[in-house]
Number of protein chains: 2
Amino acid sequence: MTTGYEKPATESASDEAAYALDRRTVAAILYAVDVDDRDKLVELMEPLHPADIADLLEQINAYDRARLIRLYDKEFDGDILSELDEAIREEVIGVLRPDVLADAVREMESDDVVDLLEDLEEPQQEAILRALEDSERVAAEQALSYPENSAGRLMQREVVMAPEHWSVGQAIDFMRANDDLPEQFYHVVLVDPRLKPVAQVTLGKLMATRREVALRDIAEDEFHTIPVDQDEEDVAYAFNQYHLISAPVVDADGRLVGVITIDDAMVVLDEEHEEDILRLAGVSDDSSISDSVAATSRRRLPWLAVNLCTAICASLVISQFEASIDQLVALAVLMPIVASMGGNAGTQSLTVAVRALATRDLTGANVLRVIRRELLVGMLNGICFAIVMGVVGMLWFHSPLLGVVIGAALVVNMIIAGFVGTVIPVVLDRLGADPALASGTFVTTTTDVMGFFLFLGLASVVLL
Amino acid sequence: MTTGYEKPATESASDEAAYALDRRTVAAILYAVDVDDRDKLVELMEPLHPADIADLLEQINAYDRARLIRLYDKEFDGDILSELDEAIREEVIGVLRPDVLADAVREMESDDVVDLLEDLEEPQQEAILRALEDSERVAAEQALSYPENSAGRLMQREVVMAPEHWSVGQAIDFMRANDDLPEQFYHVVLVDPRLKPVAQVTLGKLMATRREVALRDIAEDEFHTIPVDQDEEDVAYAFNQYHLISAPVVDADGRLVGVITIDDAMVVLDEEHEEDILRLAGVSDDSSISDSVAATSRRRLPWLAVNLCTAICASLVISQFEASIDQLVALAVLMPIVASMGGNAGTQSLTVAVRALATRDLTGANVLRVIRRELLVGMLNGICFAIVMGVVGMLWFHSPLLGVVIGAALVVNMIIAGFVGTVIPVVLDRLGADPALASGTFVTTTTDVMGFFLFLGLASVVLL
């Protein structure tokens, strides 16, 4: 960690690789580990932010990781642990000496401890809970009693609140006298006598206002509370949509139980993005760049297996037309084009739909209009490429009729692509499933099967 | 907008469609527009957040949009404008009466005005600049002089700063006396006599500390400054990686010129994600769910055209083996399976690599290890599916040798898929291009061409 006084203000370079760990630092650190030079290691690691140290640990192999952690020993702090990718957290916790782990955990904020605990196996959870002080342990256990991925897991329990009838001066005096304020907070939450939050005041406003003014008179116009059982995805959406900085969390009776801040919401938003992009590609969403070969292989197998089944379906369609291909081998040459163009167009529609569902831009209010648009776009682009391919087919195989067949198959397949690319994620969403999950396979299966069927079927009828 | 006093604290429902605009509200609003009932429209829109109003405008068609805006008239405020999707901003600005537009723009924060201006055509830019007060116009023009997508465009110019030698009391008195504080701020930036930022103090700390304490004694341990020409993508990364809440922006001489807050960084992060996910699918990254049919069609054509060319390449490869297919039509039936499995495996590797590059988890330090892993994963999964497909091929076509050929082609193609899926985005990144852009087409072209070539070539040599 650096203080502003030691480093020049322009330290962060604006070059290409801004903020990325550079190769030389990593090499120097690994060398210090190799020669067992603890002082050098500590010196090299000292300027690094815990988030960067976590990245470093993720990027080296398991053997170096264990040696580095053992050599670094007492210096290992809790923030590194909370920044670490889940994929290697358990491994790192297993390597840490119990007393180092206990110290590290005791330094962490309550929401970070919960975040750490929820992904661990029972025995490691126990070890960490034992390391906590009584009050912290009770707090962590209570947080874990909320459903996974809920606001209750995400929130901090430390809230700065004040009775709604207080003045600015009373609030400031109360805070001055309080030794136990959270490290970062942005609002004072005003509560009624039954602890229900009724408004909040920004610290900036509090600071700029005379002592005698009532807090409720300088409360923010907009005020959102978050139910403790709300899904974290919805919480992140609300922060992003309404530009919230922090929002009080309430239980079923509307009583204040904690506060969620924008930095937690940003982490969730980032995770949701990761989930969407990986699921669209048929990769398990807990994949990480630090996974082992075996874990990676295992995580990718399921969707490849599904793809094999659907590819075999497509082959079965082709096999129905073996006789036609036998008569006119040009059909085998051209058929992948129809399938491929359909698959591409379908993926385009699908991705736009998945993204729009995630940002709540595709709703019941416009779904019919979007489907109609996708059908028209499929038709328009289909016609463009049908003309091109018709000409190519004609010139290549000297058969105008073959050109017409491939053109017609293309148009129809691209209309189908636009339709399934939009409808499948929407239906999955309505059914409560993640629209990104499995959509890709459904869509390309449809466009493959239909592509081969349309082209070979039409060719069999028209040409043979 | 709602105040906490009017609405119960549990207003935000935790049901499935939390925060999405519901169909009934939209229908009621459109009905009010249909019957030209301005009072009803204003009443229905009143509880909606500007961000939700913007979503509503995006979800209805252009005709309804224009009628709604004209009827809503004077009520249209600047926040709606800044929340609107770029795709329809120009259209909406064109519909607004000049005086309504001028009022709306005057209400906006300086960074929102810049965000609005940068996407507009010259004449609309002029109209908005003319609506601003002199000081605001100069500020906006200066912000526009920074490069596009740079920190300078993102920052607010209103910064709360204090000389580094001040005490807590001096800072609080200064803020109380200042009528012009920004609406939201989280830190007081300490500057040296040449206006270089040297540290920052959180408002919470300021609030909790006695008046006589020096500001520098309660400064945050960690302190990041952002160069004004830094790319906004790097800015968003720094906020996410280091959990920044706000950070001072400095010019080339290290002098304080503005401040960037986490909510701006969150917007950029969200946009970057949108760019990645859309580019991976070959969709132009300024696509929007509110685009017209013609715009959508035009935006999707380029990558479809590229895909057509690459599909034709694959067909050319197949056509080299027309004689083989003529002899054994089973080849035409099975060949799409090899290409499809390669394409899927390649897309998996590609997506993981693109995501890891975006989060700076794939760097020079681990790129070789990741490539090796992808090769091994390709081989392992290839062998699994080779065995399955070998058996299927054998049972289906009663030719053990055909089973061996398809199995061998599958293994090799999946190894190639892992390799190109990782290397192509890494190389694009090194060349300074966006790794998501065009990667997908390169990867699937390679796996298609190689899939057909390996399978048909091997079959020609071994079987015929």
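Residues numbered from 1 in each chain as written. Chains lettered and ligands numbered in written order. Predicted model: local features only at pLDDT ≥ 70, side-chain atom pairs only at ≥ 80, totals over all residues. Heavy atoms only, no water.

The name given to chain A in an unreviewed UniProt entry is Magnesium transporter MgtE, with Ruegeria profundi as the source organism. Taken verbatim from the UniProt record of chain A, the Function (unreviewed entry) comment is "Acts as a magnesium transporter." The Subunit (unreviewed entry) field of the UniProt record for chain A holds the comment "Homodimer." (UniProt positions renumbered as here; feature names shortened; annotations may be inferred.)

Undergrad: Would you mind showing me how to read the overall build of chain A here?
TA: Of the regular secondary structure elements, chain A holds 21 helices and 6 strands. By its C-alpha atoms, chain A is 90 × 65 × 45 Å across when sized along the principal axes. For chain A, the proportion of its 464 residues judged to be buried stands at 59%. Summarising the internal contacts of chain A: among those between residues at least 6 apart in sequence, 67% fall at separations of at least 24. (Helix = DSSP H or I, 4+ residues; strand = E, 2+ residues; numbered from the N terminus. Buried < 20%, exposed > 50% of the residue type's maximum accessible area, 1.4 Å probe, protein only. Contact = heavy atoms within 4.5 Å.)

Undergrad: What's the story with the nonpolar core in this structure? I'm lost.
TA: Side chains that are nonpolar tend, in soluble globular proteins, to be buried together. Core analysis: the biggest nonpolar cluster contains 120 residues, and Phe455(A), Ile325(B) and Phe455(B) have the highest contact counts within it. Those residues in contact with Phe455(A), other than ones at most four positions away along the chain, are Leu331(A), Leu334(A), Met335(A), Val338(A), Leu402(A), Val405(A), Ile406(A) and Ala409(A). With 45 residues, the next largest nonpolar core counts Ile226(A), Ala236(A), Phe239(A) and Leu154(B) among its residues. (Core = buried A, V, L, I, M, F, W, Y, C linked by side-chain atoms within 4.5 Å.)

Undergrad: How should I be thinking about the pattern of salt bridges in this particular structure?
TA: Proximity of charged atoms lets side chains of opposite charge pair with each other. Under the counting rule described, the total for this entry stands at 52 salt bridges over all chains. Ionic pairing is found between Arg106(B) and Asp103(B), a salt bridge with its closest N-O pair at 3.4 Å. A residue pair is termed a helical-turn pair when its members lie 3 or 4 positions apart in one helix, as Arg106(B) and Asp103(B) do in helix α7 (residues 98-107) at 3 residues. Given the relative accessible area of 39%, Arg106(B) is considered partly exposed. The exposure class assigned to Asp103(B) is partly exposed, which follows from its relative accessible area of 34%. Residue Arg279(B) pairs with Glu275(B) through a salt bridge whose shortest N-O separation is 3.5 Å. Of this pair, Arg279(B) and Glu275(B) both sit in helix α15 (residues 262-280), separated by 4 residues, roughly a single helical turn. In this structure, a network of salt bridges that share partners links the residues Asp73(A), Lys74(A), Arg97(A), Asp99(A), Asp103(A) and Arg106(A). (Salt bridge = Lys/Arg side-chain N within 4 Å of Asp/Glu carboxyl O.)

Undergrad: Is there a simple way to explain a negative patch on the surface in this structure?
TA: Taken together, Glu90(A), Glu121(A), Glu122(A), Glu126(A) and Glu141(A) make up a surface patch of like negative charges. Relative to the elements of secondary structure, Glu126(A) occurs in helix α9 (residues 122-131). (Patch = residues over 30% accessible without salt bridge, like charges linked within 9 Å, V, L, I, M, F, W, Y side chains within 5 Å. Areas by Shrake-Rupley, 256 points an atom, 1.4 Å probe, with all protein chains shown as cover. Lys, Arg positive; Asp, Glu negative; His and termini not counted. Charge placed at Lys NZ, Arg CZ, Asp CG, Glu CD.)

Undergrad: In this structure, what is going on with the environment of Leu132(A)? I would like to understand it.
TA: Residues and elements named next belong to chain A. Topologically, Leu 132 is positioned in the loop between α9 and α10 (134-144). For Leu 132, a relative accessible area of 5% puts it in the buried group. Taking the C-alpha atoms as reference points, Leu 132 and Val 105, separated by 27 residues in sequence, lie 7.2 Å from one another. With near-sequence residues (within four places) excluded, Leu 132 lies in contact with Val 105, Val 113, Arg 137 and Ala 140.

Undergrad: Help me out: how do you make sense of the relation of the copies chain A and chain B in this one?
TA: One chain copy maps onto the other through a rotation about an axis and a shift parallel to that axis. Between chain A and chain B, which share one sequence, the superposing operator has a rotation angle of 180° and an axial displacement of 0.1 Å; the RMSD is 0.1 Å. Taken together, the rotation angle and the small translation identify this as a two-fold axis. Looking at chain A, 100% of its interface residues are interface residues in chain B too, so the copies touch through the same face. (Least-squares fit on C-alpha atoms with pLDDT ≥ 70 in both.)

Undergrad: Would you mind going over the state of the cysteines with me for this structure?
TA: Every disulfide links exactly two cysteines, by a covalent bond between their sulfur atoms. Taken as a whole, this structure holds 0 disulfides over all chains when the rule is applied. Note on Cys309(A): no disulfide assigned, nearest cysteine sulfur contributed by Cys313(A) at a separation of 7.3 Å. We note that Cys384(A) lacks a disulfide partner, and the nearest cysteine sulfur, in Cys309(B), lies 14 Å from it. A relative accessible area of 34% means that Cys384(A) is categorised as partly exposed. (Disulfide = S-S within 2.5 Å.)

Undergrad: Mind showing me how you'd approach the UniProt feature "domain: CBS" (unreviewed entry) in chain A here?
TA: According to UniProt, the positions carrying the feature "domain: CBS" (unreviewed entry) are residues 218-275 of chain A. Secondary structure content for residues 218-275 of chain A is 43% helix and 22% strand, while the C-alpha to C-alpha distance between its ends is 40 Å.

Undergrad: Mind showing me how you'd approach the sheet that holds strand β2 (residues 187-191) of chain B here?
TA: In a beta sheet, neighbouring strands are held together by backbone hydrogen bonds and run either parallel or antiparallel to one another. All names here are of chain B. Reading across from one edge, β1-β2-β3 is the order of the 3 strands in this open sheet, with mixed pairing throughout. Both edges of this open sheet fall to β1 (161-163) and β3 (197-202), since each of them pairs with a single strand only. Across the sheet, the mean angle from the axis of one strand to that of its neighbour is 30°, orientation sign disregarded. The pairing of β2 with β3 spans 5 bridges and is classified as antiparallel. Residue Leu 190 lies in a different strand from β3, and its bridge partner there is Ala 199. (Pairing = 2+ DSSP bridges. Axes fitted to C-alpha atoms, helices over the stretch in contact; angles between N-to-C directions.)

Undergrad: Please clarify how a nonpolar patch on the surface should be interpreted in this entry.
TA: Where nonpolar side chains cluster on the molecular surface, the patch consists of Leu376(A), Met379(A), Ile383(A), Ile387(A), Val391(A) and Leu395(A) and spans about 520 Å² of accessible area. Note that Val391(A) resides in helix α19 (residues 367-397).

Undergrad: So what exactly am I meant to see when it comes to the interface of chain A and chain B here?
TA: Bring the parts together and some accessible area is lost; that lost area is often taken as the interface size. On the side of chain B, 152 residues touch chain A, which itself brings 152 residues to the contact. Across the chain A-chain B interface, the total number found is 6 salt bridges. Viewed at the interface, chain B and chain A are joined by 51 residue pairs in polar contact (both at pLDDT 80 or more). Residues that form the side of chain A that touches chain B fall into these classes: 81 nonpolar, 40 polar and 31 charged. (Polar contact = N/O pair within 3.5 Å; in protein donor to acceptor, adjacent residues only side chain to side chain. Nonpolar A, V, L, I, M, F, W, Y, C, P; charged D, E, K, R; others polar.)

Undergrad: Got a minute to help me understand the environment of Leu56(A) in this structure?
TA: Residue and element names in this part refer to chain A. Position of Leu 56 relative to the elements: it lies in helix α3 (residues 50-59). Separated by 34 residues in the primary sequence, Leu 56 and Asp 22 place their C-alpha atoms 9.9 Å from one another. Each residue touching Leu 56, except ones within four places of it in the same chain, is listed here: Leu 21, Val 26, Ile 29, Met 45 and Leu 68.

Undergrad: So what exactly am I meant to see when it comes to the packing of aromatic side chains here?
TA: Within a pair of aromatic rings, the relevant descriptors are the distance that separates the centres and the angle that separates the planes. Per the stated rule, a full pass over the model turns up 7 aromatic pairs over all chains. Between Tyr186(A) and Tyr186(B) the ring centres are 5.7 Å apart and the planes differ by 85°, which places this aromatic pair in the edge-to-face class. Taken together, the residues Tyr186(A) in the loop between α12 (168-177) and β2 (187-191) and Tyr186(B) in the loop between α12 (168-177) and β2 connect one chain to another. The pair Tyr186(A) / Tyr186(B) is uniform in exposure class, with both members buried. The side chain of Arg360(A) reaches across the aromatic face of Tyr237(A), ending 4.2 Å from its centre. (Phe/Tyr/Trp six-rings, centres within 6.5 Å; stacked < 30°, edge-to-face > 60°. Lys NZ or Arg CZ within 6 Å of the ring centre and 35° of its normal.)

Undergrad: Would you mind showing me how to read the UniProt feature "transmembrane region" (unreviewed entry) in chain A here?
TA: All names here are of chain A. Using the residue numbers shown here, the UniProt feature "transmembrane region" (unreviewed entry) corresponds to residues 375-397, 403-428 and 440-463. Across residues 403-428, helical content stands at 100% and strand content at 0%; the span's end C-alpha atoms are separated by 37 Å. Along residues 440-463 the backbone is 96% helical and 0% strand, and the end-to-end C-alpha distance reaches 33 Å.

Undergrad: I'm lost on the sheet that holds strand β1 (residues 161-163) of chain A in this one. Help?
TA: Residue and element names in this part refer to chain A. With respect to topology, 3 strands assemble into an open sheet ordered β1-β2-β3, the strand pairing being mixed. The sheet is open, and its two edges are formed by β1 and β3 (197-202), each paired on a single side. Pairwise comparison of adjacent strand axes, ignoring direction, gives a mean angle of 30° for this sheet. Bridge analysis of β1 against β2 gives 3 bridges, and the strand direction is parallel. Bridging from a neighbouring strand, Pro 163 pairs with Val 191 of β2.

Undergrad: Sorry if this is basic, but what is going on with the side chain of Asp276(A) here?
TA: The topology assignment puts Asp276(A) in helix α15 (residues 262-280). No salt bridge is formed by the buried Asp276(A). Its closest oppositely charged neighbour is Arg355(A), at 5.9 Å. When neighbours within four sequence positions are excluded, Asp276(A) is seen to be in contact with Ala358(A), Asp434(A), Ala436(A) and Ile277(B).

Undergrad: In this structure, what is going on with the environment of Val317(B)? I would like to understand it.
TA: Residue and element names in this part refer to chain B. Here Val 317 shows up in helix α16 (residues 293-319). Considered as a pair, Val 317 and Asp 448 are 131 residues apart in the sequence and their alpha carbons are 9.6 Å apart. Apart from residues lying up to four places away in sequence, Val 317 is in contact with Val 449, Phe 452 and Phe 453.

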